[in-house]
Amino acid sequence: MAAPPLLSLSLPTTRLPPKASSFSPARAASSAQPPPDGAGPAAPSRGDRFLGTQLAAEAAARVLAPEDAERRRRRREKRKALARKPSAAACYGCGAPLQTAEEAAPGYVHPATYDLKKRHHQLRTVLCGRCKLLSHGHMVTAVGGHGGYPGGKQFVSAEQLRDKLSYLRHQKALIVKLVDIVDFNGSFLARVRDFAGANPIILVITKVDLLPRDTDLNCIGDWVVEAVVKKKLNVLSVHLTSSKSLVGITGVISEIQQEKKGRDVYILGSANVGKSAFISAMLRTMAYKDPVAAAAQKYKPIQSAVPGTTLGPIQIEAFLGGGKLYDTPGVHLHHRQAAVIHADDLPSLAPQSRLRARCFPALPRTRLTFYGPKKLKINMVPTAEADEFYEREVGVTLTPPAGKEKAEGWVGLQGVRELQIKYEESDRPACDIAISGLGWIAVEPLGVPSSNPDESAEEEDNGSGELHLGVHVPKPVEIFVRPPLPVGKEASQWYRYQELTEEEEELRPKWHY
């Protein structure tokens, strides 16, 4: 492409009338002739030529520079993302846009109710029909492909929910990221920066009240920080919390107030990680001193065990000093157990009380200890009989799925992972095998102190060893092998804190509870 022509700038000149004494007809005639181009008083000066050259070069650079085109493309994407920021009236319980057309779809409100609330400017106080059912314990899913439903016109897809969060990375906000301690690896959201962008992040670990009794939270805090450092996620701090007992909630509120600096605060996390419960606990705690938070308690997000309870960002007026609080749709992860079972079976995956160690010394010199929901029954059979037992009992004693009808559509245990686990010390667990969305199994040599008071180790292994395990799960549920989570009273005996230099200690995020 040819460069544009050089620009020539001419500065106006003021001609002085000749003196009367020097006037002559011949000189007047000659001065009336226009001077040739590039000569005479109207000709561009050297400065004008230089300025024209510079302007032409800049114009050519703007047309030809590829980085400029990339910059324009990013600006267009940002404008499109910000245009997707929700602005229409939405249900305060789930965030779905209010509508009166489809009764079976999320956000449905009876037309008469909608017209009345709209006339009185009260659409922010409307709860949709689906949320009313959820508040009464009904398991009404709305995300296609999750909770055992293939999806239809009344469903939204997990991709649509992700798209609703696309504008967030372009906002100036404070991100509060939630992770479930019972499903730490499965709910972590490793690519959280895809949503949060460059915004600062506070990491909140939820449901610590479900850990076994006498667990030392000092060990848990150090374990979580070490895991966060290994995942290379830069966070402001880590908080251990319980929305039920309000442990750690005050500390999170204090840091939010300190760090938000007038910005909006977004609660982010995977589906069913406890975002709505956490917001409810925050409002309850803040209500003692903040009248704005006290008023916001009346219209707070709905809580349920259904993945995808929240279907759109929910704006909450929670702060007296400016800035808004947003509950966001849970990020649906296909590798979690909740994505492959029927919605009616979801309560069996949600622990309602403290986890209790269930020990099974099924291998030579090795103890397997399961930590997960109490409603899940565990059966032990010889390996040679396992396949026959599974085919016979699936849907009966092996649940979920509960019932033969649901078992007929069950995908089965198609995913198999062979593990080789080495251990060099018999006085501490070798590792945890975490099943995404379910719980974890601690693999322990028999020399490790047991969490089961009725169990006594008949033999001890003082050397090293190697275990070969096969783990079968439904596709695409993931399996994580991780350092053992220090739970129970005995964990304080074998857990080892990291030895750090002063510089490393300073750089690591601090944890609180």
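Within any chain, residue numbers begin from 1 and follow the written order of that chain's sequence. Reporting in this predicted model follows two pLDDT cut-offs: at least 70 for local features of residues, and 80 or more for side-chain atom pairs to be given and counted; totals over whole chains, interfaces and linings ignore these cut-offs and use all residues. The basis for the side-chain values is all heavy atoms of the structure; hydrogens and waters are excluded.

Concerning the pairing of strand E2 (residues 201-206)
Within a regular strand, side chains alternate between the sheet's two faces. Applicable threshold: Summary of the burial criterion: residues with accessible area below 20% of their type's maximum are buried, those above 50% are exposed, and those between are partly exposed, where the area comes from a 1.4 Å probe applied to protein chains only. Helix and strand assignments come from DSSP, with helices taken as H or I runs of at least 4 residues and strands as E runs of at least 2, each series counted from the N terminus. Here, a strand pair is defined by DSSP locating no fewer than two bridges between the strands. Look down the strands so they point away from you; if going from the first strand over the helix to the second traces a clockwise path, that crossover is right-handed.
Within E2, 6 of the 6 residues are buried, leaving the element largely enclosed by the surrounding structure. With burial as the criterion, each face of E2 is covered, one bearing Ile 201, Leu 203 and Ile 205 and the other bearing Ile 202, Val 204 and Thr 206. Pairing geometry for strand E1 (residues 173-180) and E2, over 6 bridges, is parallel. Paired with Val 176 across the bridge in E2 is Ile 202. Relative to strand E3 (residues 237-240), E2 is paired through 3 bridges, and the arrangement is parallel. Bridge assignment links Val 204 to a residue of E3, and that residue is His 239. The parallel pair E2 and E3 is bridged by helix H8 (residues 217-230), and the resulting crossover is right-handed.

Topic: the packing of aromatic side chains
For clarity, the cut-off: Centres within 6.5 Å are what make two rings of Phe, Tyr or Trp a pair, Trp counting through its six-membered ring; a difference in plane orientation under 30 degrees is then read as stacked, over 60 as edge-to-face, and the rest as tilted. Counting as a charge over the ring demands two things of the Lys NZ or Arg CZ atom: a distance within 6 Å of the ring centre and an angle within 35 degrees of the ring normal.
Counted according to the given criterion, the structure contains 8 aromatic pairs. With 5.4 Å between their ring centres and 50 degrees between their planes, Phe 184 and Phe 188 make a pair best called tilted. Accessibility assignment for this pair places Phe 184 and Phe 188 in one class, buried. Feature note: the residues Phe 184, Phe 188 and Trp 223 constitute an aromatic cluster, connected by ring pairs. A cation over an aromatic ring shows up here: Arg 482 above the ring of Trp 440, its NZ or CZ 5.2 Å from the ring centre.

Some details on a negative patch on the surface
How we decide: By definition, no residue in a patch forms a salt bridge, and every one has over 30% relative accessible area; like charges are joined within 9 Å, nonpolar side chains (Val, Leu, Ile, Met, Phe, Trp, Tyr) within 5 Å. Residue burial considers only the protein chains on display, and all accessible areas are found by Shrake-Rupley using a 1.4 Å probe. For salt bridges, the criterion is a side-chain nitrogen of Lys or Arg within 4 Å of an Asp or Glu carboxyl oxygen. Note that His is not counted, nor are the chain ends; the positive residues are Lys and Arg, and the negative ones are Asp and Glu. We put the charge of a Lys on NZ, of an Arg on CZ, of an Asp on CG and of a Glu on CD.
Residues Glu 503, Glu 504, Glu 505 and Glu 506 make up a contiguous surface patch of negative charge. Residue placement: Glu 506 occurs in helix H15 (residues 502-507).

Re the nonpolar core
Put simply, the rule reads: What makes a nonpolar core is a set of buried Ala, Val, Leu, Ile, Met, Phe, Trp, Tyr and Cys residues whose side-chain atoms join them at distances within 4.5 Å. Here, two residues are considered to be in contact whenever any of their heavy atoms come within 4.5 Å of each other.
With 49 residues, the main nonpolar core has Ile 181, Phe 184, Ile 205, Ile 220 and Val 224 as its most contacted residues. Counting only elements with at least two residues in this core, the list comes to E1, helix H7 (193-196), E2, H8, E3, strand E4 (264-269), strand E11 (439-445) and helix H14 (491-494). With near-sequence residues (within four places) excluded, Ile 205 lies in contact with Val 179, Ile 181, Phe 184, Val 224, Val 238, His 239, Leu 240 and Thr 241. Judged by nonpolar contacts, the second largest core, of 25 residues, contains Leu 174, Ile 253, Ala 281 and Phe 319.

Focus: a positive patch on the surface
A contiguous patch of positive charge on the surface is contributed by Arg 213, Arg 354, Arg 356 and Lys 374. Tracing the backbone through its elements, the reader meets Arg 213 in the loop between E2 and H8.

Here's the deal with the packing of helix H9 (residues 249-259) against helix H10 (residues 275-286)
The packing of two helices is summarised by the inter-axis angle and the distance between the axes. Going by this rule: All axes are obtained by fitting lines to C-alpha atoms, using only the stretch in contact for helices, and the reported angles, taken between N-to-C directions, cover 0 to 180 degrees. Here is the rule for angles: anything less than 35 degrees is roughly parallel, anything more than 145 is roughly antiparallel, 65 through 115 is roughly perpendicular, and the remaining ranges are oblique. Only Asp, Glu, Lys and Arg are considered charged in this grouping, and only Ala, Val, Leu, Ile, Met, Phe, Trp, Tyr, Cys and Pro are considered nonpolar; every other residue, Gly among them, is considered polar.
Relative orientation of the contacting elements H9 and H10 amounts to 80 degrees, with a least axis distance of 10 Å. Here H9 is positioned roughly perpendicular relative to H10, judged by the angle of their axes. Together, Ile 249, Thr 250, Val 252, Ile 253, Ile 256 and Gln 257 of H9 and Phe 278, Ala 281, Met 282, Thr 285 and Met 286 of H10 make up the contact between the two elements. For the contact of H9 with H10, the per-class residue count stands at 8 nonpolar, 3 polar and no charged.

Examining the sheet that holds E2
In spatial order, the strands read E5-E6-E4-E1-E2-E3-E14; together these 7 strands make up an open sheet with mixed pairing. With partners counted over all chains shown, the strands left at the sheet margins are strand E5 (314-316) and strand E14 (510-512), one partner each. Going across the sheet, the axis of each strand differs from the next one's by a mean of 25 degrees, ignoring polarity. Relative to strand E6 (residues 325-327), E5 runs antiparallel, the two sharing 3 bridges. For Ile 314, the partnering residue across the bridge sits in E6 and is Asp 327. Sitting on the sheet, H9 is in contact with E1, E2, E3 and E4, with an inclination near 150 degrees to E3.

The quantities given are spatial measurements derived from coordinates; they are silent on function.
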